[in-house]
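Residues per chain, in single letters:
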Amino acid sequence: MMSTLRQAVTDFLGLKRIAVAGVSRDSRQAANAIYRKLRQSGYLVFPINPNAEEVEGDACYPDLASVEGGVEGVVVATHPRVTERVIRDCVSLGVNHVWIHRSFGAGSVSEEAVQLCHDAGIEVIPGACPMMFCEPVDLGHRCMRWFLRITGGLPDVDVSS
């Protein structure tokens, strides 16, 4: 059965243990905003950055394999050239849900990373932002979602599930 964006979002936001790859010591980064939103929404969230021991006042993990107990899903908000490495970690650890962040421009999306997800059977959302869908959605992200929807900028989700 083909998964729609709405179903992929519902599936992803139905997870409990989510890692956010790309969080930074600079709290203004998109990954940090996503991390804060998920944490405030009651998710068990794990910040991933190999160059930081702490972010947002929480212990930070150098990679997905370092998260004790593992994760069910990963939001990737890194530079696109790092995205493929994160996806390879997801494949080796059996993580079946990935959301690759993008609002405008390329974001973190890498075609190679998306293809790796498809090849491994990972349900991937190749674009958009969890903050556009994680309730309550703020006005800015509600407007972004509307704009991307009418301009065709929301991702197509075509992985079989």
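Predicted, not measured: the structure shown is a model, and the values here were computed from it.

1. Focus: the pattern of salt bridges
Thought 1: Scanning all chains against the criterion turns up 4 salt bridges.
Thought 2: D58 serves as the salt-bridge partner of R39, at 2.6 Å between the closest nitrogen and oxygen. Taken together, the positions of R39 in helix α2 (residues 30-40) and D58 in strand β4 (residues 58-59) put the pair 19 residues apart, joining distant regions of the chain.
Thought 3: Here E84 makes a salt bridge to R88, at a shortest N to O gap of 2.8 Å. With E84 and R88 both in helix α3 (residues 80-93) and 4 residues apart, this pair spans about one turn of that helix.
Thought 4: For R88, a relative accessible area of 45% gives the class partly exposed.

2. Things to note about helix α4 (residues 111-120)
Thought 1: Within α4, burial applies to A113, V114, L116 and C117. The arc that holds every buried residue of α4, seen down its axis, measures 155 degrees, which confines them to one face. Residues of α4 that are exposed and point more than 90 degrees away from the buried face comprise E111, E112 and D119.
Thought 2: Among the structural elements, α3, β6 (97-100) and β7 (123-126) are those in contact with the buried residues of α4.
Thought 3: Just downstream of α4 lies G121, where phi reads positive at about 75 degrees.

3. Section: α2
One turn of an α-helix holds 3.6 residues; hence residues three or four places apart share an orientation.
Thought 1: Those residues of α2 that sit buried are A31, N32, I34, Y35, K37 and L38.
Thought 2: For α2, the secondary structure elements touched by its buried residues are α1 (5-13), β1 (17-21), β2 (44-48), β4 and β5 (73-76).
Thought 3: Directly after α2, the chain includes G42, whose backbone phi takes a positive value near 95 degrees.

4. With respect to the packing of α3 against α4
Axis angle and axis distance: for two packed helices, these are the angle between their axes and the distance between the axes, and together they describe the pair.
Thought 1: Close contact between α3 and α4 brings their axes to 8 Å; oriented N to C, the two are set at 15 degrees. Compared by their axis directions, α3 and α4 come out roughly parallel. For α3 against α4, the interelement crossing comes out right-handed. From α3, T83, E84, I87, R88 and V91 reach across to α4, where they touch E112, A113, L116, C117 and A120.

5. Quick word on the pairing of β6
Thought 1: Because side chains alternate across β6, one face comprises the buried residues H97 and W99, and the other comprises V98 and I100, equally buried.
Thought 2: Of the pairings in the sheet, the one linking β5 to β6 comprises 4 bridges and is parallel in character. By the bridge assignment for β6, G73 is matched with H97.
Thought 3: As for the winding sense of the linkage, the β-α-β connection from β5 through α3 to β6 is right-handed.

What counts, and where the lines are drawn
- As a convention, each chain's residues are numbered from 1 in the sequence order in which they are written.
- This being a predicted model, a pLDDT of at least 70 is required before a residue's local features are given, and a value of 80 or more before pairs of side-chain atoms are given or counted; all residues contribute to the totals for chains, interfaces and linings.
- Water and hydrogen atoms play no part in the side-chain values, which are based on all heavy atoms of the structure.
- Just to be clear on terms, a salt bridge is a Lys or Arg side-chain nitrogen sitting within 4 Å of an Asp or Glu carboxyl oxygen.
- Runs of E in the DSSP output that reach at least two residues are strands. Runs of H or I that reach at least four are helices, and both are numbered from the N terminus.
- Each residue gets one of three labels from its accessible area relative to the maximum for its type: buried under 20%, exposed over 50%, partly exposed in between, using a 1.4 Å probe on protein chains only.
- Directions drawn from the helix axis to the C-beta atoms are what define this arc.
- What makes two residues a contact is simply this: any of their non-hydrogen atoms within 4.5 Å.
- Axis definition: a line fitted to C-alpha atoms, over the contacting stretch in the case of helices. Angles run 0 to 180 degrees between N-to-C directions.
- Note on angle classes: values under 35 degrees are labelled roughly parallel, values over 145 roughly antiparallel, values of 65 to 115 roughly perpendicular, and the remainder oblique.
- Crossing handedness: left-handed means the near helix sits turned counterclockwise from the far one by under a right angle, and right-handed means the same turn made clockwise.
- Two strands pair under a simple rule: DSSP has to find at least two bridges between them.
- Handedness rule for crossovers: strands pointing away from the viewer, path from the first strand over the helix to the second running clockwise, crossover right-handed.

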